[in-house]
Amino acid sequence: MTDTATTGRALPHPEREEIRLETVLHALSDPVRLRIVSELAAGEAELACSYFDLPVTKSTTTHHFRVLRECGVVRQVYRGTAKMNVLRRDDLDGLFPGLLDSLLAAAGLQSRRLGDGA
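Report on the accompanying structure.

1. Description of the sheet that holds strand E3 (residues 82-87)
Now for step 1: Read from one edge of the open sheet, three strands run E1-E3-E2, paired in antiparallel fashion. Edge positions in the sheet fall to strand E1 (47-48) and strand E2 (74-79), since each of these pairs with one other strand and no more.
Now for step 2: By the bridge criterion, six bridges tie E2 to E3 in an arrangement that is antiparallel. Across the sheet, residue valine 74 finds its bridge partner in E3, namely leucine 87.
Now for step 3: Packing of helix H3 (residues 58-70) onto the sheet brings it into contact with E2 and E3, and relative to E2 it is tilted by some 120 degrees.

Below, the structure is given as structure tokens:
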């Protein structure tokens, strides 16, 4: 599935039925991607890639967002020149009930335990 709602620039996204547990778990095993997902989960609005203050280069940030999009964790659409991101919570919760909330809760506990501020 692609989204051309605003500019005609399409980004590929897996259909809900194509999202696989192992690719979601792989994507969320990276601390930078888990941080992105945690920030998206904390709010309900779309967030631009530039919103995130990540400890990596712009090209690496682009890579992380692409991994999240291609495995079905986020949906990305262009709004003007900004690439906006939203968590595909309904799809993930429907396919893997409780997984996202459990992972985010565990990540928060680990962050507090290790004092890493992530």
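2. A look at the nonpolar core
Now for step 1: By size, the foremost hydrophobic cluster in this structure holds 24 residues, and its most contacted members are Leu28, Ile36, Val37, Leu68, Val73 and Leu92.
Now for step 2: Within the residue set of this core, elements represented by two or more residues are helix H1 (21-28), helix H2 (31-42), H3 and helix H5 (99-114).
Now for step 3: No other element matches H2, which puts five residues into this core.
Now for step 4: When near neighbours in sequence (up to four residues on either side) are disregarded, valine 73 contacts Val24, Leu28, Val37, Leu68, Val86, Leu87, Arg88 and Leu92.

3. Some remarks on the environment of glycine 43
Now for step 1: Tracing the chain through its elements places glycine 43 in the loop between H2 and E1.
Now for step 2: As a C-alpha pair, glycine 43 and leucine 87 span 44 residues in sequence and 9.6 Å in three-dimensional space.

4. Things to note about the environment of leucine 87
Now for step 1: Here leucine 87 is to be found in strand E3.
Now for step 2: Classification of leucine 87 as buried rests on a relative accessible area of 12%.
Now for step 3: The sequence separation of leucine 87 and glutamate 46 amounts to 41 residues, and the corresponding C-alpha distance is 8.3 Å.
Now for step 4: In this structure, leucine 87 is in contact with Val37, Leu40, Ala41, Val73, Val74, Leu92 and Leu100, ignoring residues within four places of it in sequence.

5. Looking at the packing of aromatic side chains
Now for step 1: Counted according to the given criterion, the structure contains two aromatic pairs.
Now for step 2: Ring geometry for tyrosine 51 and phenylalanine 52: centres 5.3 Å apart, planes at 90 degrees, overall edge-to-face.
Now for step 3: Following the ring pairs from residue to residue traces out a cluster consisting of Tyr51, Phe52 and Phe65.

6. Some thoughts on the pattern of salt bridges
Now for step 1: Taken as a whole, this structure holds seven salt bridges when the rule is applied.
Now for step 2: We note a salt bridge from aspartate 91 to arginine 16, for which the minimum N-O separation is 3.8 Å. With a gap of 75 residues between them, aspartate 91 in helix H4 (residues 89-95) and arginine 16 in the segment before H1 connect regions that are remote in the sequence.
Now for step 3: Owing to a relative accessible area of 17%, aspartate 91 belongs among the buried residues under this scheme.
Now for step 4: Assessed through its relative accessible area of 32%, arginine 16 is described here as partly exposed.
Now for step 5: Residue arginine 88 pairs with aspartate 91 through a salt bridge whose shortest N-O separation is 2.8 Å. Judged on exposure class, the residue arginine 88 and its partner aspartate 91 are both buried.
Now for step 6: Salt bridges sharing partners connect three or more residues here, namely Arg16, Arg88 and Asp91.

Definitions and limits used
- Residues numbered from 1 in each chain as written.
- Predicted model: local features only at pLDDT ≥ 70, side-chain atom pairs only at ≥ 80, totals over all residues.
- Heavy atoms only, no water.
- Pairing = 2+ DSSP bridges.
- Helix = DSSP H or I, 4+ residues; strand = E, 2+ residues; numbered from the N terminus.
- Contact = heavy atoms within 4.5 Å.
- Axes fitted to C-alpha atoms, helices over the stretch in contact; angles between N-to-C directions.
- Core = buried A, V, L, I, M, F, W, Y, C linked by side-chain atoms within 4.5 Å.
- Buried < 20%, exposed > 50% of the residue type's maximum accessible area, 1.4 Å probe, protein only.
- Phe/Tyr/Trp six-rings, centres within 6.5 Å; stacked < 30°, edge-to-face > 60°.
- Salt bridge = Lys/Arg side-chain N within 4 Å of Asp/Glu carboxyl O.

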